[in-house]
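Chains, contacts and geometry: an overview
If you want the building blocks of each chain, they are given just below.
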Amino acid sequence: MPDLRLIVVAGVSALSLAACSRQDVSKDTPGSPEAAAAASAPANTPVTAQPRETRTVPVDVQGVTDVGATVRVKSVDLAEDATVLDVSISFAGKTTNNVKMATNPTYIQLPNGQKLMLKAPEGNPDMNVVNGDTMNGRLVFMGAVPRDAQRIAVVFNEGSSSDSIIGPFLRLDVPLTAQAESAG
């Protein structure tokens, strides 16, 4: 009898393994959705949906704080998951050696009031600008601007004042209209 139990256990195990093997093979059979996805993508590459196309809007908007920081927005990239501003930030003042343009909340405000927060720049999270210097770069704000938005506001150092020698406040209204697109 012990031999019969061993044979039954061995038979059940063989059937279980065969069932697993058939399921694995059926995924790779030609014509199955899994096989089509695997064939169209290189190995180890996830299959993803088509991203929203990035639209670049050329703009020419500038603002100056009372303490002497100047911010110029040159273009806005409206992407699927982020909004990127091409900016030039300068500082020339007599009251301090430097200013920080992101010590307080810095964000893009949408027409509906939502705020897209700044992703802190690596290596300079407070956006410190030394007197006499200019920083050129791209600021990344987390989130997308709605396709039908006509304008956004860029806010630096919310809650501060324009004459702060540490982190001056500045608000820039940036148009995203057809006129702004043709300018430049």
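Whatever comes next refers back to the structure up there.
Residues numbered from 1 in each chain as written. Predicted model: local features only at pLDDT ≥ 70, side-chain atom pairs only at ≥ 80, totals over all residues. Heavy atoms only, no water.

1. Points about the sheet that holds strand S2 (residues 69-78)
Note the threshold: For two strands to be treated as a pair, DSSP must find at least two bridges joining them. Only DSSP runs of H or I covering at least 4 residues are called helices, and only runs of E covering at least 2 are called strands; the numbering of each starts at the N terminus. Each axis is a line fitted through C-alpha atoms, and for a helix only the stretch in contact is used; angles between axes span 0 to 180 degrees, taken between their N-to-C directions.
Strand order across the open sheet formed by 4 strands is S1-S2-S3-S8, with antiparallel pairing between neighbours. The strands lining the two open edges of the sheet, one partner per strand, are strand S1 (55-64) and strand S8 (134-142). On average, each strand axis in the sheet is inclined to that of its neighbour by 20°, with strand direction left out of account. Examined bridge by bridge, S1 and S2 share 8 bridges and lie antiparallel to one another. Directly across from Gly63, in S2, lies its bridge partner Val71.

2. As for the pattern of salt bridges
The condition that has to hold: Salt bridge criterion: a side-chain nitrogen from Lys or Arg within 4 Å of a carboxyl oxygen from Asp or Glu. The classification of residues rests on relative accessible area computed with a 1.4 Å probe and restricted to protein chains. Under 20% of the type maximum is buried, over 50% is exposed, and intermediate values are partly exposed.
A full pass over the atoms with the stated rule returns 4 salt bridges. The partner of Arg138 in a salt bridge is Asp77, with the nearest N and O atoms 2.4 Å apart. Placement of the pair is Arg138 in strand S8 and Asp77 in strand S2, with a sequence separation of 61 residues. Using a relative accessible area of 11% as the deciding quantity, one classes Asp77 as buried. Glu158 serves as the salt-bridge partner of Lys115, at 3.0 Å between the closest nitrogen and oxygen. Separated by 43 residues along the polypeptide, Lys115 in strand S6 (residues 115-117) and Glu158 in the loop between strand S9 (151-156) and strand S10 (170-175) bring together distant segments of the chain. Using a relative accessible area of 40% as the deciding quantity, one classes Lys115 as partly exposed. We classify Glu158 as partly exposed; its relative accessible area is 29%.

3. Some details on unusual backbone geometry
Even without glycine at this site, Met127 takes up a positive phi of about 55°. Inspection of the secondary structure assignment puts Met127 in the loop between S6 and strand S7 (128-130). Taking relative accessible area as the criterion, Met127 reaches 1% and is therefore assigned buried. Positive phi, normally seen in glycine, also occurs at Asn157, with a value near 55°. With respect to the helices and strands, Asn157 occurs in the loop between S9 and S10.

4. Things to note about the nonpolar core
Filter applied, for reference: Grouping buried Ala, Val, Leu, Ile, Met, Phe, Trp, Tyr and Cys residues that are joined through side-chain atoms within 4.5 Å yields what is termed a nonpolar core. Two residues qualify as a contact provided that any one of their heavy atoms is within 4.5 Å of a heavy atom in the partner residue.
Formed by 33 residues in total, the largest nonpolar core has its most connected members in Val76, Phe156, Leu172, Val174 and Leu176. Elements with a contribution of two residues or more to this core: S1, S2, strand S3 (82-91), S8, S9 and S10. For this core, the element with the highest residue contribution is S2, accounting for 5 residues. When residues no more than four places from it in sequence are discounted, the contact partners of Phe156 are Val71, Met101, Pro105, Thr106, Met127, Leu139, Pro168, Phe169, Leu170 and Leu172.

5. Some thoughts on the sheet that holds S6
Backbone hydrogen bonds are what pair the strands of a sheet, in a parallel or an antiparallel way. Strand order across the open sheet formed by 4 strands is S6-S5-S9-S10, with antiparallel pairing between neighbours. Of all the strands in the sheet, just S6 and S10 have a single pairing partner and so form its edges. Averaged over neighbouring strand pairs, the angle between their axes works out to 25° when direction is ignored. Taken together, the 6 bridges between S9 and S10 define a ladder with antiparallel strand orientation. Bridge pairing links Phe156 to Leu170 in S10.

6. Looking at the pairing of S9
Two faces make up the sheet, and in a regular strand the side chains alternate between them. Most of S9 is tucked away, with 5 of its 6 residues classed as buried. Taken together, the 3 bridges between strand S5 (residues 107-109) and S9 define a ladder with antiparallel strand orientation. When the sheet's bridge partners are listed, Gln109 is paired in S9 with Ala153.

Everything listed here is a matter of geometry and, on its own, says nothing about what the molecule does.
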